[in-house]
Structures are given as C-alpha cells and as structure tokens.
Amino acid sequence: MSLLEVKNLQVRVEDREILHGLSLTVNPGEVHAIMGPNGSGKSTLSHVIAGKPGYEVTGGEILFKGENLLEMAPDERAAKGVFLAFQYPVEIPGVATMNFLRTALNAQRKARGESEYSTPDFLKKVREVAKSLNIPQDMLKRGVNVGFSGGEKKRNEILQMALFEPSLCILDEMDSGLDIDALRIAADGVNALRSPDRAMVVITHYQRLLNYIVPDFVHVMSKGRVVKSGGKELALELEESGYARFEDAA
Amino acid sequence: MNVALAKTDTGSALEAALAAARERLPAGGKVADIRRQALDAYERTGLPHRRIEDWKYTDLRVLMREVLPLAAAPDAAVLKRAEAALKTAAIEGTRRLVLVDGAFAPGLSETNGLEKGVSIRSLREALDGGDGALQAQLFSLDTSNPMVALNSAMLTDGVVIEIADGTVLSRPLHVVHIAAGAAASSMFTRSLLRLGKNASATLVESYVAADGTRTYQAHDSLVIAIGDHSRLDHVRLVEDAADAVNISSSAVTLGAHAHFNIFGMASGAAVSRYQATIAFAGEGSRVETNGVNLLRGRQHADTTLLMDHAVPNCASREVFRAVIDDSAHSVFQGRIIVRPDAQKTDAKMMTRALLLSDDAEADNKPELEIFADDVTCGHGATSGALDESLLFYLRARGLPEKDAQALLIQAFVGEAIESIANDALRDLAEATAGRWLRARA
C-alpha cells in the first residue's frame, strides 16, 4: 500500500481554483521533490494535506495509509503521522518551546492510544534530539520561535520532526530565508531522518536545496497540476532551462 | 424605568436596614454622622446607571436591580460552612484573616504570633479605639462614587492592618472574604493596610462562597497607604459564586520611592466591578497594575482604574487581559491624570481582549488627561479572536482544537500573571486560570 495517494485533487480558495486535478503517489522510504514556479499550487498542496482551514476540496481524494485524509482534523492527521514543516513557522509568545513540544508529543501519543511521556523521559528524549541537531538548550526555554532567526526556526521544525517521528514529512520551501550555512545544517538534519519507513515530500522553488537533500523523484508543477515527473536529473534540467517550457506544456 | 421610584424604594429599604442593624454597626466618634452623610450621598443617585459616565458599561440598575438586605451576623452554622470553605480557599504559607458575611471571624483567623511591628485588628475594634486620624483615613474614600457611599453607610466590619516602619513581612497576609449566609444578603466590608516607611509586605485578597450559600452581594472597600521606600505586593482573586455580585473599591496612596504591584483576576461572580484610585504623593515611586478577566456565560466584569500622577518622577504600568467566552462582557476603564507638577511622569497602559465567541463583548475606555509637558504617556488597546495561524500550527502538531485554544489563552494571560513576584502566588494564579480553561474543554 502506498503511504500517500493524491488522486485528481481539485482545490478552490474562495472563488479561484488552485489545483486542477493533481495526482501524486508516495511510497515509504521515498523522497519526492515538488518544484514549480510561484503560484503553481505547491504550497496549497502541502496545506491541504496538513488540513489548513480555508481550502475547499471540490474533487478528488487523498488517501494516507489507505484512509481518507480529508475527513480528518489536522491534529488527527498529525497523530497518524503527517508532518508539515512550515515555510514560515509562526512565533507563539508566552508558550515555552519545551511545554509546547511535550504537550504536542503527548497529545499525539494519546490520540494513538500510547502512554504519555513522563517529564524526565521527555526531557531526556528532547535533549538527545536537540544535541544531534546542534540546538542549544537555551532555545528550548524561549517562547516557540520567538526571536528565532530564520535558520533557528527551520531547525526547530526539524527538531519536531525528529521528536514526533512522522511517517510522512512535507517540507514546504525549507530553503526560504536561509543562507547557505543554515541550509546545510537544516538539510543534514533532514537527511539524518531519512529512513525506509518514512517518506518525504520536499517542496521547493530552487534546485539548490536538492543538492543537499537528494530526491528519488522530481515532479514539476505548473498551474495546479503535475506536468512532468522524473528522476533527480529532472531538477538539473530545470535549473538550466527554467520553468517556462513547462508552463507552456501546462 | 421609573428612576425616581426605584431610588426612593431602594433608599427607604436601606434606611430601614440601617435602622434595624444600628446595634451591629460601628458608630463610635463621628462615624454615625459619616454614615448618615454617606447614605444621603448614595440616595441622591441610587444604584448607578448607564447615564452616569463612569458607569456607562456597567449599569447596576440592570445588572444588580437592588441592594440585597444586610447579612445577618454569622451564627455557628454559618461559621461552620465558612470553615469548610477554607479547606480550598486557604493558601499555604500565608497568614489567614477571615471575614464571614461581612464580619471578622477571629476563630477562623490567625492573629496570634504576630511578627514584630505588625498590628492586626478588626475594623470594629479599630473604630472603637477612638483614633481620629485612623477614622479619617478609613473614611477617606471618595463618596461621590455612589457605591463607595453605599459601602461607607453600611459597612459592618473589616480588617485593619498596620505595619510599622522598617518591617519586612515575608509571610503574605491573606484576607479571605467568605459568603456563607443561608438567606439572600449583602455584606459590606472595609479594610485598611497601612505600611510604614522602609517596609514591605504582600497582601492577598480572595472572595469565595461556602457550599450552600444563597445569592449574595459582596460590597468591599480597601484603603492602602504605602510609606516612603516601601513595597506592597497585592493579589486579588475574585472567585465568587456564579450568581454573586462583587463591588470592590480601593484607594491607594504611595509615598516617595515606594513600589506598588497589584495583580487582580476575576473568574467568579455574575457581576463584578473593581474600582481603584491610585495616587502618587511622593516622588520616585512606581506602580504596576496587572489584571486578568476570565469570563463565560453571561458574566460581567468591570475594572475601572484612576492613576493619579500628582508629583514628578513616578512611573505607572497597566497591563490588562480579558478572555471572554459565550455572551460575557468585560469592561476596562483606565484613566491617567498627569497633574501640572508631575513632570517626568512615565505612564503606560495596555489592554487586550480575547473574544472567544461572536456574542462576547469587550469595552475599553482609556482616558489620558495630561497637564504637564515633559512626560511619557501611552496607551493601547486591542481586541480580537485567537490567531488562526497559531491555532493551525498547534493543531498541525497534534493538539486537539480545545487544547490548542487553551495553550494560546494561557499564553495570553500569562504576561499579566508573570507580574506576580511571589512564586507560590503566581503558581496559584496560574492554577486558577488553568481550572477555568479546563472547565471550558
């Protein structure tokens, strides 16, 4: 069974159709890159998979582990193993990162019928993961993402990914706002989480990110559809020729 | 509404109550005269209504309708109920001073082993002592406010706390107002805290009801005088019964280089109003007022503050947060006066309301009256719903909707709660907010 099956998905925002019949199949262990120009619907796809309000699905379906994802609340999707790393992670003043992480992790475990982590066990786990990602303890004491640099925010997303151990990670424009060093650190974090049980969907505008996170498959989106799919060499091809010819194809 | 008739009815009922209770009311020295004048002052308006500017958003003729009869002096059964209520209302590590249905309850209070420099008496005792200056201070509240006037006319008891110069009181004082009456009634209390020079203390006040208490109105008033170089931390927790009314008035004066930090939280009572005047009488002093309203159902809570900067070089901060669910109504009126001499005043006021339902209402009325030219003054007010993008982020991380909301609400009120200096009291306020949130889920 595929991990994620998006079939002929049609999505509207207010009166505008953004996705016009998009299909995508992702199997465990695979890393897919979705590339495309601004406005092609890349982020819409990630938001709809995660369950963000404000999108109306007018046709098609999304199956996750064979279940109808569109019927689930965002928190149920998270508990089932869907993780969206946000393009712009929000700042939440007054909510300490540590408290947030524990509350979220235990909420997911509770939803799955698993036992909640005790405080010492949780602290141990978080410290291990933070260390492996070079996240200073001080960052965990601050409000969620408050005053974090772009790189710190992305690292915090990857920390959560490592902590929640999702089976599907969607990375929405992970490279936006990062300099080359921050990008490398973030990509190393993501690569460390690659595993045969876990799939990743990397959404990006630029080929650059894919030098660090090397995908198994590349899909080109244009005007709300996947217009071409191929191996990692497709990304290089795009880098040379640009999106224009795919836009014509759409 | 026939206003004239309502006023006459209320007035005559009160006069009858006052006459009937004469035996029980302190009346030494000039007190009887003061009461008479206060009653006259009250009767000129009766219950304040929306056409009185200060009461525009809190029309007591609609919200209270009438002043309930004076509570009977607590009998053994009432005291027993009050004692049971203390099991949850008592705060560990504090010195407890208990008022039951408007009467000081020595048997439930901890008045022995007082620290050096601390004097605690009931209001009745203090008034009977015949100290003219003390009497004047006790009646220094402005009776042009009808509810202050009513309180002055009807007050039965209270706690008078005097802390001598140089006394540093590490154990907080906890004044517990317990309603425990078996009949619908009103209680009228007045307390005083006088803090000398170079002294510091923490005062907690909480308002609760015993199980089985009939509907009631708590009319409280408090005079606070803070001496030079002294610091007072004050925490107020309004946790009255769901059908109760709580009208509390306060007058605070600060000497020079003094510090007053107050945190108030209203989660109980159907109708509550906290009206306070804070006056700077000496230079170099600082006031921080922080408030939180947690309201649901049809609750109405009003905070009306007057910050009076009469002298130079003082600073005041007002931070107010309201969380309003269902068709509840939160009011904040903050007036800052900077008088001509009060140069280098630094006064700021910020209020934020979180509306959790379409029927929730928040009214903010900031007023700045600035008569000095070299000052920093500012105010801001916002109101709105929970931020959808924050909610989605939390939900995408696995938090169910109510839990995500609770986390954001807790963060929203957290800024005000963090202002409490005493760790145990801060934890207590957080726990109270936590209980409110859990009841929502």
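The text that follows walks through the structure, step by step, so that each part is easy to find. Small disclaimer: the values here were computed from a predicted structure and weren't measured.

Glancing now at the overall build of chain B. The helix and strand inventory of chain B stands at 10 helices and 19 strands. Taking 22 Å as the expected radius of gyration for a compact globule of 441 residues, we find that chain B reaches 21 Å, a close match to that expectation. Its C-alpha atoms put chain B at 65 × 50 × 50 Å along the principal axes. Considering chain B as a whole, with its 441 residues, one finds that 58% of them fall into the buried category.

Okay, the pattern of salt bridges next. Scanning the model with the defined rule gives 34 salt bridges over all chains in all. E115 of chain B serves as the salt-bridge partner of R95 of chain B, at 3.3 Å between the closest nitrogen and oxygen. With R95 of chain B in strand β1 (residues 95–100) and E115 of chain B in the loop between β2 (103–104) and β3 (118–122), this pair connects stretches of sequence that are 20 residues apart. A relative accessible area of 2% places R95 of chain B in the buried class. E369 of chain B serves as the salt-bridge partner of R335 of chain B, at 2.8 Å between the closest nitrogen and oxygen. Residue R335 of chain B is found in strand β16 (residues 329–338), and its partner E369 of chain B is found in strand β18 (residues 361–370); the two are separated by 34 residues along the sequence. For E369 of chain B, a relative accessible area of 24% puts it in the partly exposed group. Ionic contacts of the salt-bridge type, sharing partners, join the residues E5, K7 and E61 of chain A into one network.

Next up on the list: the nonpolar core. Among the nonpolar cores identified, the biggest contains 113 residues, and L9, L45, I49, I92, L168 and I213 of chain A together with F263 of chain B are the most heavily contacted of them. It is helix α9 (residues 401–417) of chain B that provides the largest number of residues to this core, a total of nine residues. Viewed by domain, this core spans two of them, domain 1 (3–282) and domain 2 (386–441) of chain B, each represented by three or more residues. Leaving out residues up to four positions away in the same chain, F263 of chain B has contacts with H234, V235, R236, L237, N290, V292, A416, I417, S419, I420 and A429 of chain B. Core analysis: the next-biggest nonpolar cluster, separate from the first, contains 53 residues, V175, A258, A301 and A347 of chain B among them.

Further remarks concern the packing of helix α3 (residues 97–111) of chain A against helix α6 (residues 150–164) of chain A. All names here are of chain A. Between α3 and α6, the least distance of the axes is 11 Å, while the angle of their chain directions is 35°. By crossing handedness, the relation of α3 to α6 is classed as right-handed. Listed contacts from α6 to T97, F100, L101, A104, L105 and Q108 of α3 are N156, L159, Q160, L163 and F164. When the residues that make up the contact of α3 with α6 are grouped by side-chain class, the tally is seven nonpolar, four polar and no charged.

Contacts between chain A and chain B engage 30 residues on the former and 14 residues on the latter. Between chain A and chain B, a total of about 1,800 Å² is buried, with carbon and sulfur atoms accounting for 73% of that surface. In this structure, D75 of chain A and R395 of chain B form a salt bridge, with 2.6 Å as the shortest nitrogen-oxygen distance. Run the count over chain A and chain B and you get seven residue pairs in polar contact (both at pLDDT 80 or more). Counting only elements with at least two residues in the side of chain A that touches chain B, the list comes to α2 (74–80), β6 (82–85), β7 (92–96), α3 and α6 of chain A. Sorting elements by how many residues they give to the side of chain A that touches chain B places α3 of chain A first, with six residues. Tallied by class, the residues present in the side of chain A that touches chain B amount to 19 nonpolar, seven polar and four charged.

To continue, consider the packing of α9 of chain B against helix α10 (residues 423–440) of chain B. All names here are of chain B. Between α9 and α10, whose axes approach to 10 Å, the crossing angle comes to 150°. As far as their axial angle goes, α10 and α9 are roughly antiparallel. Crossing hand, α9 versus α10: right-handed. Every residue of α10 that contacts α9 at K402, Q405, A406, I409, Q410, V413 and I417 is listed here: R426, A429, E430, A433, G434, L437 and R440. Counted by class, the contact of α9 with α10 contains seven nonpolar, three polar and four charged residues.

Our next topic: helix α4 (residues 119–132) of chain A. Residue and element names in this part refer to chain A. For α4, which comprises 14 residues, the first-to-last C-alpha distance of 20 Å matches the rise-based estimate of 20 Å (1.5 Å per residue) to within 8%. Within the span of α4, buried status applies to F122, K125, V126, V129 and A130. Taken end-on, α4 shows its buried residues confined to a sector of 130°, consistent with a single buried face. Facing away from the buried side of α4 by over 90 degrees, the exposed positions are P120, K124, K131 and S132. One or two residues past the end of α4 sits N134, with phi positive at roughly 60°.

The next thing to look at is the packing of aromatic side chains. Using the criterion set out here, one finds five aromatic pairs over all chains in the structure. In textbook terms, an aromatic cluster arises when at least three aromatic residues are bridged by ring pairs, as seen for F86 and F100 of chain A together with F392 and Y393 of chain B. The lysine or arginine in question, R321 of chain B, covers the ring of F412 of chain B, its NZ or CZ lying 5.5 Å from the ring centre. Residue placement shows R397 of chain B over the ring face of Y393 of chain B; its charged tip is 4.8 Å from the ring centre.

Moving on: the environment of A85 of chain B. Residues and elements named next belong to chain B. Structurally, A85 can be placed in helix α4 (residues 76–89). Take A85: its relative accessible area is 11%, and that puts it in the buried class. For the pair A85 and A180, spaced 95 residues apart in sequence, the C-alpha to C-alpha distance is 8.7 Å. Ignoring any residue separated from it by four or fewer positions in sequence, one finds A85 in contact with I178, A209 and A210.

Moving on to the sheet that holds strand β8 (residues 216–226) of chain B. All names here are of chain B. The nine strands are arranged β3-β4-β6-β8-β10-β12-β14-β16-β18 in an open sheet whose pairing can be described as mixed. Of all the strands in the sheet, just β3 and β18 have a single pairing partner and so form its edges. On average, each strand axis in the sheet is tilted by 5° relative to the strand beside it, whichever way the strands run. Pairing between β3 and strand β4 (residues 159–163): five bridges, direction antiparallel. In the sheet register, V118 faces β4, and the bridge partner there is I163. Contacting β6 (185–195), β8, β10 (245–254) and β12 (271–280), helix α7 (residues 146–154) runs over the sheet at an angle of about 95° to β6.

The next subject is the sheet that holds strand β13 (residues 286–295) of chain B. By way of backbone hydrogen bonds, the strands of a sheet pair with one another, either parallel or antiparallel. Residues and elements named next belong to chain B. Pairing within the open sheet is mixed, and its 10 strands lie in the order β2-β1-β5-β7-β9-β11-β13-β15-β17-β19. Either end of the sheet is taken by a strand with one partner, and the two such strands are β2 and β19 (376–384). With 10 bridges joining them, β13 and strand β15 (residues 315–324) adopt parallel strand pairing. Its bridge partner lying in β15, V292 is registered against R321. α4 contacts β1, β5 (173–179) and β7 (200–209) of the sheet and is inclined by roughly 130° relative to β5.

Before going further, it helps to spend a moment on the side chain of R77 of chain A. Residue and element names in this part refer to chain A. Along the chain, the position of R77 falls in helix α2. Salt bridges are absent for the buried R77, whose nearest opposite-charge side chain, E76, sits at 7.4 Å. For R77, the residues in contact, after removing those within four places along its chain, are V48, I49, A50, G51, L69, L70, M72 and V82.

Basis of the calculations
Residues numbered from 1 in each chain as written. Chains lettered and ligands numbered in written order. Predicted model: local features only at pLDDT ≥ 70, side-chain atom pairs only at ≥ 80, totals over all residues. Heavy atoms only, no water. Helix = DSSP H or I, 4+ residues; strand = E, 2+ residues; numbered from the N terminus. Rg over C-alpha atoms; globule rule 2.2 N^0.38 Å. Buried < 20%, exposed > 50% of the residue type's maximum accessible area, 1.4 Å probe, protein only. Salt bridge = Lys/Arg side-chain N within 4 Å of Asp/Glu carboxyl O. Core = buried A, V, L, I, M, F, W, Y, C linked by side-chain atoms within 4.5 Å. Domains from an automatic or database assignment. Contact = heavy atoms within 4.5 Å. Axes fitted to C-alpha atoms, helices over the stretch in contact; angles between N-to-C directions. Left-handed = near helix turned anticlockwise from the far one by under 90°. Nonpolar A, V, L, I, M, F, W, Y, C, P; charged D, E, K, R; others polar. Buried area = accessible area lost by both parts, 1.4 Å probe. Polar contact = N/O pair within 3.5 Å; in protein donor to acceptor, adjacent residues only side chain to side chain. Parallel < 35°, antiparallel > 145°, perpendicular 65-115°, else oblique. Expected span 1.5 Å × (residues − 1). Arc of directions from axis to C-beta. Phe/Tyr/Trp six-rings, centres within 6.5 Å; stacked < 30°, edge-to-face > 60°. Lys NZ or Arg CZ within 6 Å of the ring centre and 35° of its normal. Pairing = 2+ DSSP bridges. Lys, Arg positive; Asp, Glu negative; His and termini not counted.

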